[in-house]
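# Summary of the model geometry
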Amino acid sequence: MGQREKELNSVLVKPAGPDCNMACRYCFYLEKDRFFPESAVHRLSGAVLEAMIRQVMTHGRTNLSFGWQGGEPTLMGVGFFERAVELEKKHGRGGQIVGNGLQTNGLLIDHKWCCFLREAKFLVGLSLDGPEHVHDHYRLTRGGQPTWKRVSDALKRMLDSGVEVNALTVVNDYSARFPCEIYESLKQRGLNYMQFIPCYERAADDPRCVAPFSVTPERFGTFLCSVFDCWLNDFRDGGATTSVRWFDSVFATYVGLQPPECTLLAECGTYVVIEHNGDVFTCDFFVDDEWKLGNVLDGNLEAMLNSPRQAQFGRRKAELPRACQACSWLTHCRGGCPKERWPHPSGENLSYFCDAYKMFFAHADGDLRKTAELWLRRHSQPAVAQPVPAAPTGLRGKVGRNDPCPCGSGEKHKRCCGR
């Protein structure tokens, strides 16, 4: 029996390529401009936009998502995204549910942006590394100016306007020292959905070494354990009020669900990345000639997703060293992201953060198991399924975070299947 074809349900789009109005010292994407030397300014054209959306809406099934990232995608202006939504409606079919996510540094978010993001129901991932001294340590403008105040103002503007906002927080060599301060700072600013991304890059002058701004495995392990304890205390004080994406994803592995985070899957290659010129790549971290799949203007996205090249890329993650295969945490870790593979003292290429993950699981396993038992007991009870309203033609049928969960559990969606 052949391998089941992957469905074209999710794409990651770089509408402004690597262009950005900031110059974060740890950014790995700014240097991607060397792959696109034909122009100093990179912008996705109307032809590429319609070709991409038409293919996704035509080949995609029911639940579809567009992730708009960069660089900085808001450089495209509000009009570009208004046109994107129009094309989703134009090429959509009845019953399809479409989600749009925008990752932004927030510098350009004004009242007009807020109105659009609220009305179009975009989920915004705001890059905010924590309190002022943490955020401004690396997240500076091209002129070297701090950005925390402007980003904080943009966050307040969005929350006051009713825009859904999550925190995207990079954990680097400096910020890793302040786990609880960062967690509480994000909470105090109304960011109850958090994603912590470990900073790991090779040194520019010697790829055998890591860049100095990268977080060490020991520091990252301590960071995860400390934030987990903060989250657990919130939970014990009256129910979790925050969601940490990596904890949610790990928890899924404890209850037999597929984790939403690709680093915890057995294989990669579940989505594709589309650059500003229509070039399609296997992954956000592998935008290079080796892993280019084609171009959206003269190729089929679904075929690229199911191509031998994409399959080869996906299998690389599953080719685990002996240490991983024998590890008791394998079902919860899956060896981490292939980008992180690094010569380990054991002599094998393990995840750079292997020791961090081991530290976390040894610390949190007992609480995760207890919570999983409670969750499984609750979800083993028969429930009367609640009808889900039909989605309008083309888009916008998603269940809200605070709506009752469609599974009938009686819980809010965000605390049940929405996790």
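So, how was this worked out
Per chain, the residues get numbers from 1 upward, laid out in the order the sequence is written. Residue-level local features of this predicted model are given only where pLDDT is at least 70; pairs of side-chain atoms are given and counted only at 80 or more, and the full residue set underlies all totals for whole chains, interfaces and linings. Here the side-chain values reflect all heavy atoms present in the structure, with hydrogen atoms and water set aside. Salt bridge, as applied in this entry: a Lys or Arg side-chain nitrogen positioned within 4 Å of an Asp or Glu carboxyl oxygen. We count a stretch as a helix when DSSP gives it H or I for four or more residues in a row; a strand needs E for two or more, and each element gets its number in order from the N terminus. Residue burial is assigned from relative accessible area. The probe radius is 1.4 Å, only protein chains are included, and a residue is buried under 20% of its type maximum, exposed over 50%, and partly exposed in between. A 3.5 Å cut-off defines polar contacts: any pair of N or O atoms within that distance qualifies, except that in protein one atom must be a possible hydrogen donor and the other a possible acceptor, and neighbouring residues in sequence count only when both atoms are side-chain atoms. Residues enter a nonpolar core if they are buried and are Ala, Val, Leu, Ile, Met, Phe, Trp, Tyr or Cys, with the set joined through side-chain atoms within 4.5 Å. Each pair of strands is called paired provided DSSP finds at least two bridges between the two strands.

## Topic: the pattern of salt bridges
On inspection of all chains with the given rule, the structure shows 17 salt bridges. Where Lys-187 meets Glu-184, a salt bridge forms, and the shortest distance between an N and an O atom there is 3.9 Å. Placement of the pair is Lys-187 and Glu-184 together in helix α6 (residues 179-188), with a separation of three residues, close to one helical turn. Lys-187 gets classed as partly exposed once you look at its relative accessible area, which sits at 22%. Residue Glu-201 pairs with Lys-339 through a salt bridge whose shortest N-O separation is 2.5 Å. Linking Glu-201 in the loop between β6 (193-198) and α7 (217-236) with Lys-339 in the loop between α12 (330-333) and β11 (341-343), this pair joins segments that are 138 residues apart in sequence. The class for Glu-201 is buried, based on a relative accessible area of 17%. Salt bridges sharing common partners tie together Glu-50, Arg-83, Glu-86 and Lys-90.

## Thoughts on the side chain of Thr-242
Relative to the helices and strands, Thr-242 is located in the loop between α7 and β7 (243-244). At 2.6 Å, the side chain of Thr-242 and the side chain of Tyr-183 are in polar contact.

## Here's the deal with the nonpolar core
Note on soluble globular proteins: their nonpolar side chains tend to be buried together. Ranked by size, the top nonpolar core spans 101 residues in total, and within it Met-52, Trp-68, Leu-117, Leu-301 and Phe-360 carry the most contacts. In this structure, Tyr-29, Val-273, Phe-286 and Val-287 belong to the second largest nonpolar core, which totals 12 residues.

## Looking at the sheet that holds β7
Read from one edge to the other, the open sheet built from 10 strands follows the order β7-β6-β5-β4-β3-β2-β1-β8-β9-β10, with strand pairing classed as mixed. Of all strands in the sheet, those with a lone pairing partner are β7 and β10 (292-295), marking the two edges. By the bridge criterion, six bridges tie strand β2 (residues 63-68) to strand β3 (residues 97-104) in an arrangement that is parallel. Its bridge partner lying in β3, Ser-65 is registered against Gly-99.

Worth remembering: the numbers are spatial, not functional.
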